[in-house]
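Structural features, examined
Here is how the chains run, residue by residue.
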Amino acid sequence: MANDVLDLGKDIHEVSDAEGLAILDNAARHYLNMSGEEFLRAWKEGRFQNGSGNDPGVAYVSMLIPFAED
Amino acid sequence: MHGATAREAVEEFLRPLRRVISCVTPGILNIRGGYHPSARPHSVLIGDGLPVRLAGTGRLMFRMVHHYRVAEAPGERSPWKVRTAAYYYSLDDFNEREVISYHWHPEGQSPIRFPHLHVGPGAGCQREEIGTAHCPTGRISVAEFLRFAIVDFRVEPLRDDWSDVFAET
């Protein structure tokens, strides 16, 4: 029987503002070769709406936007 | 997932999520936003957002982002509830080419609002349409996705009791 206990301090980390920005920035650089800031600006301007909805990198990085915003 | 408080509901949501993920990776979960009701969804992510290497002869990597909302469910015994708002679960090969991924992002900029799967270049499928197809699915849980990875994609579980963990989830 699996009866392990969730240790919120050890198993779950609540990221800070800076850590959240770094997560988005790392992923944007890794998958899209742009900074997180550049990605956010392009996303808000709708520059990914035409055709790039099929780009798995865009789809994935866009899911990380909440990490960079309050 | 229900709770007497918003925090308790989120913890009840995170506990089984962490347990099923511990069957394939020791990586921690990072959460943002967390424990309170809000118009914007909260997020939970495995590791730092880059793919996590999985054990097994399938030679695969795993990415997961899950969005959720905390909402009050008046009239119920445990009045706080966590609801899934979006997800992205992916298996990639060791060259980071996506093999298969399940998405649901009903509030994003994409016109594709229904849950779907993508068969990526890492799957080696030659048919042209597959690269851009959004294959409709029902909503998929992390547990269903990881069971699929273990059973069908030769991912080696890290825990002997993995089938118990999945059965309980």
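One can find the structure itself at the top, above this paragraph.
Residues numbered from 1 in each chain as written. Chains lettered and ligands numbered in written order. Predicted model: local features only at pLDDT ≥ 70, side-chain atom pairs only at ≥ 80, totals over all residues.

1. Regarding the overall build of chain B
When helices and strands are tallied, chain B shows 3 helices and 9 strands. Each helix and strand of chain B, ordered N terminal to C terminal, gives the series β-α-β-β-β-β-β-β-β-β-α-α. Radius of gyration (C-alpha) of chain B: 17 Å, near the 15 Å computed for a compact globule of 169 residues. Expressed along its principal axes, the backbone C-alpha trace of chain B runs to roughly 50 × 40 × 25 Å. Partitioning the intrachain contacts of chain B with sequence separation of at least 6 by distance along the chain shows that 50% fall at a separation of at least 24. (Helix = DSSP H or I, 4+ residues; strand = E, 2+ residues; numbered from the N terminus. Rg over C-alpha atoms; globule rule 2.2 N^0.38 Å. Contact = placed C-beta atoms within 7 Å.)

2. Considerations on the overall build of chain A
Summing up its helical and strand segments, chain A has 5 helices and 1 strand in all. When its helices and strands are written in sequence order, chain A yields α-β-α-α-α-α. The 70 residues of chain A split such that 37% are buried. (Buried ≥ 20, exposed ≤ 12 C-beta atoms within 10 Å, placed from the backbone.)

3. Comments concerning the nonpolar core
By size, the foremost hydrophobic cluster in this structure holds 63 residues, and its most contacted members are Leu64 of chain A together with Leu29 of chain B. Residue contributions to this core peak at 8 residues, all from helix 1 (residues 6-21) of chain B. (Core = buried A, V, L, I, M, F, W, Y, C linked by C-beta atoms within 7 Å.)

4. Things to note about helix 2 (residues 142-152) of chain B
Within helix 2 of chain B, burial applies to Val142, Phe145, Leu146, Arg147, Ala149 and Ile150 of chain B. Where helix 2 of chain B is buried, its residues touch helix 1, strand 5 (60-72), strand 6 (80-93), strand 7 (98-104) and helix 3 (162-168) of chain B.

5. So, the environment of Thr5 of chain B
Mapped onto the fold, Thr5 of chain B is located in the loop between strand 1 (2-3) and helix 1. Separated by 75 residues in sequence, Thr5 of chain B and Trp80 of chain B place their C-alpha atoms 5.8 Å apart.

6. Points about the interface of chain B and chain A
If you look at the interface, chain B gives 40 residues, while chain A gives 28 residues. Secondary-structure elements contributing two or more residues to the side of chain B that touches chain A are helix 1, strand 2 (29-32), strand 3 (42-46), strand 5, strand 6, strand 7 and helix 3 of chain B. A total of 5 residues in the side of chain B that touches chain A trace back to one element, the largest contributor, which is helix 1 of chain B. Sheet topology places strand 1 (residues 12-14) of chain A next to strand 2 of chain B; 3 bridges connect them, and they run parallel. Across the sheet, the residue bridging to Ile12 of chain A is Leu29 of chain B, located in strand 2 of chain B. (Pairing = 2+ DSSP bridges.)

7. Brief notes about the pairing of strand 6 of chain B
All names here are of chain B. Where strand 1 lies against strand 6, 2 bridges are found, and the strand directions are antiparallel. Considered in strand 6, the bridge of Gly3 is made with Trp80. Where strand 5 and strand 6 come together, 13 bridges link them in antiparallel fashion. By the bridge assignment, His67 is partnered in strand 6 with Ala86. Examined bridge by bridge, strand 6 and strand 7 share 6 bridges and lie antiparallel to one another.

8. Considering helix 2 (residues 17-32) of chain A
Because the α-helix completes a turn every 3.6 residues, residues three or four places apart line up on one side. Residue and element names in this part refer to chain A. For helix 2, spanning 16 residues, the distance from its first C-alpha to its last is 22 Å, which sits close to the expected 22 Å at 1.5 Å a residue. Listed in full, the buried residues belonging to helix 2 are Gly20, Ile23, Leu24, Asp25, Ala27, Ala28 and Tyr31. Following helix 2 by one or two positions, Asn33 adopts a phi angle in the positive range, close to 55°. (Expected span 1.5 Å × (residues − 1).)

9. Side note on unusual backbone geometry
For Asn33 of chain A, which is not glycine, the phi dihedral falls at a positive 55°. Following the sequence through the fold, Asn33 of chain A ends up in the loop between helix 2 and helix 3 (36-44). On the neighbour-count criterion, Asn33 of chain A (9 C-beta atoms within 10 Å) is exposed. The backbone of Arg154 of chain B sits at a positive phi, close to 60°, despite the residue not being glycine. Along the polypeptide, Arg154 of chain B turns up in the loop between helix 2 and helix 3. By the C-beta count within 10 Å, which is 14 here, Arg154 of chain B ends up partly exposed.

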